[in-house]
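Here's the letter readout for the chains.
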Amino acid sequence: MNEGRISSWKCRCDETAFYRPTWAEIDNKAFVHNLAYIKSRLHTKTKILAVVKANAYGHMVVPIARQCEKAGVAMLGVASIEEGIYLREHGIKMPILILGSIYPLDNLSVVAKHKLIPSISSAQGVIELIRLGARLKKTMPFHLKVDTGMGRIGIMPQSAQALLKKIHGRKEILMAGMYTHFSSADSNRAYTQMQFSKFMEVVKAARKLGMNFTAHCANSAALLKYPQMHLDMVRPGIALYGLSPWQKRDKKMDLRPVLAWKTAVVFLKNVKKGTAISYGRAYIAKKPMTIATLPVGYADGYSRLLSNKADVLVRGRRCRVIGLVTMDMLMVDVTRVPGAAIGDEVALVGAQGKERIRIEDLAAHLGTISYEVACAISHRVPRIEI
Ligand SMILES: *Cc1c(COP(=O)(O)O)cnc(C)c1O
């Protein structure tokens, strides 16, 4: 990247003018491709709820939501009322399910005001929603959340029967959906199967009462692994963003990474053997080296735990991060990059030539999952659509 190209980014980015050459690129084509790939694995009648919580796993939620709207996605899933309101304020009209627990229950009136759909996990929630429906003289839609083994939120299957009888036939509320969430769809077949069976018992009990609703349980891992669990709707998150729900990537899955994280060399120096790099002298040059400084650090979400571990790409070559990652800058070893220069574009995540750094690679260094690395890319990093 030369100076000219850096300033051209400034011009392209009308909403978030940025001057520091550190940014994330969101590849709309890759997102549309992933959505189509997921669709290709579903029965034509199976709907998609796209999970866009946490700013679409760090991928910039509004454009992602617009793509979903265009592509005929049935519904969006967010974590909180705030995330739902944000989408409404940005003109997103499609149905939005709040996957999180509504607390305090007074907040249900805010949910209704913004035409969001709450998840209800308790008898108390049902009672409050009935009260609200009566007050507003409206039928309040909701999805019932059943805890079949995730141990997070949801009514227990043994309590669900009694609750279904309270719900059934009430004019003030409508159980538009029923769902459960898997704890180990990526790793434990037997447990997932057990959760699925428990869920189907509750679904069947409700259908026996004559209730008509959308049943859903499959996250990305279940969607890709267990077609028999697709039911009426699936709930992919991570796969939409082209990231693997498994620790190890499965090359058979035709998923393309949507996010690339870029920066540029802003400072370059040759150092002698014995030179200390960054805080705490955690790296000492063992030989004469060429070191580049990049304007990105842990305040951008590039974890300090990647110090001396992760690679970045410069001119298509892998370069190790050396010394401790600081809040706003980090250093990389470009000794073996011919022609390395100030202004060179750097991929923290993404491809250059034949090389690619994946979010999964950073997650492996950190001993965590791709989800956390993607969500951690902070608001300080402007996102641009490409
Ligand atoms: C986050 C979430 C999902 C999406 O999970 P992925 O593993 O990202 O596909 C689906 N359902 C619920 C309830 C969630 O909270």
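Quick caveat: nothing in here was measured; it's all calculated off a predicted structure. (Residues numbered from 1 in each chain as written. Predicted model: local features only at pLDDT ≥ 70, side-chain atom pairs only at ≥ 80, totals over all residues. Heavy atoms only, no water.)

Trainee: Would you explain the domain arrangement of the protein in this entry?
Mentor: Its domain assignment divides the protein into domain 1 (7–24 + 258–385) and domain 2 (28–241). Between the C-alpha centres of domain 1 and domain 2 there is a distance of 37 Å. Taken together, the contacts link nine residues of domain 1 with 13 residues of domain 2. When the two sides are added together, the surface that domain 1 and domain 2 hide from each other amounts to roughly 1000 Å², 69% of it contributed by carbon and sulfur. Three residues, Val258, Arg383 and Glu385, lead the burial of domain 1 against domain 2; their summed loss comes to 56% of the area buried on that side. Joining domain 1 to domain 2, the criterion identifies three residue pairs in polar contact (both at pLDDT 80 or more). The element contributing the most residues to the side of domain 1 that touches domain 2 is helix 12 (residues 370–376), with four residues. Class assignment of the residues belonging to the side of domain 1 that touches domain 2 gives a composition of six nonpolar, one polar and two charged. (Domains from an automatic or database assignment. Contact = heavy atoms within 4.5 Å. Buried area = accessible area lost by both parts, 1.4 Å probe. Polar contact = N/O pair within 3.5 Å; in protein donor to acceptor, adjacent residues only side chain to side chain. Helix = DSSP H or I, 4+ residues; strand = E, 2+ residues; numbered from the N terminus. Nonpolar A, V, L, I, M, F, W, Y, C, P; charged D, E, K, R; others polar.)

Trainee: What's the story with the packing of aromatic side chains in this structure? I'm lost.
Mentor: Each aromatic ring pair is summarised here by two numbers: the centre-to-centre distance and the angle between the ring planes. Tallied over the full model, the rule gives five aromatic pairs. Ring pairing ties together the aromatic residues Phe31, Tyr57, Tyr241 and Tyr371, which thus form one cluster. Sitting above the plane of the Phe213 ring, Arg207 keeps its charged end 4.7 Å from the centroid. (Phe/Tyr/Trp six-rings, centres within 6.5 Å; stacked < 30°, edge-to-face > 60°. Lys NZ or Arg CZ within 6 Å of the ring centre and 35° of its normal.)

Trainee: Would you mind going over the pattern of salt bridges with me for this structure?
Mentor: Note on pairing: side chains with opposite charge can pair once their charged atoms come close. Per the counting criterion, the structure on display carries 12 salt bridges. With its nearest N and O atoms 3.2 Å apart, the salt bridge here joins Lys262 to Glu345. Placement of Lys262 in strand 10 (residues 259–264) and of Glu345 in strand 18 (residues 345–352) is noted, with a sequence separation of 83 residues between them. The same class applies to Lys262 and to Glu345, which are both buried. Between Asp300 and Arg380 there is a salt bridge; the shortest N-O distance is 2.9 Å. Residue Asp300 is found in the loop between strand 14 (289–294) and strand 15 (311–314), and its partner Arg380 is found in the loop between helix 12 and strand 20 (383–385); the two are separated by 80 residues along the sequence. Given a relative accessible area of 0%, Asp300 falls into the buried group. Through salt bridges with shared partners, a single network forms among Arg20, Asp300, Asp328 and Arg380. (Salt bridge = Lys/Arg side-chain N within 4 Å of Asp/Glu carboxyl O. Buried < 20%, exposed > 50% of the residue type's maximum accessible area, 1.4 Å probe, protein only.)

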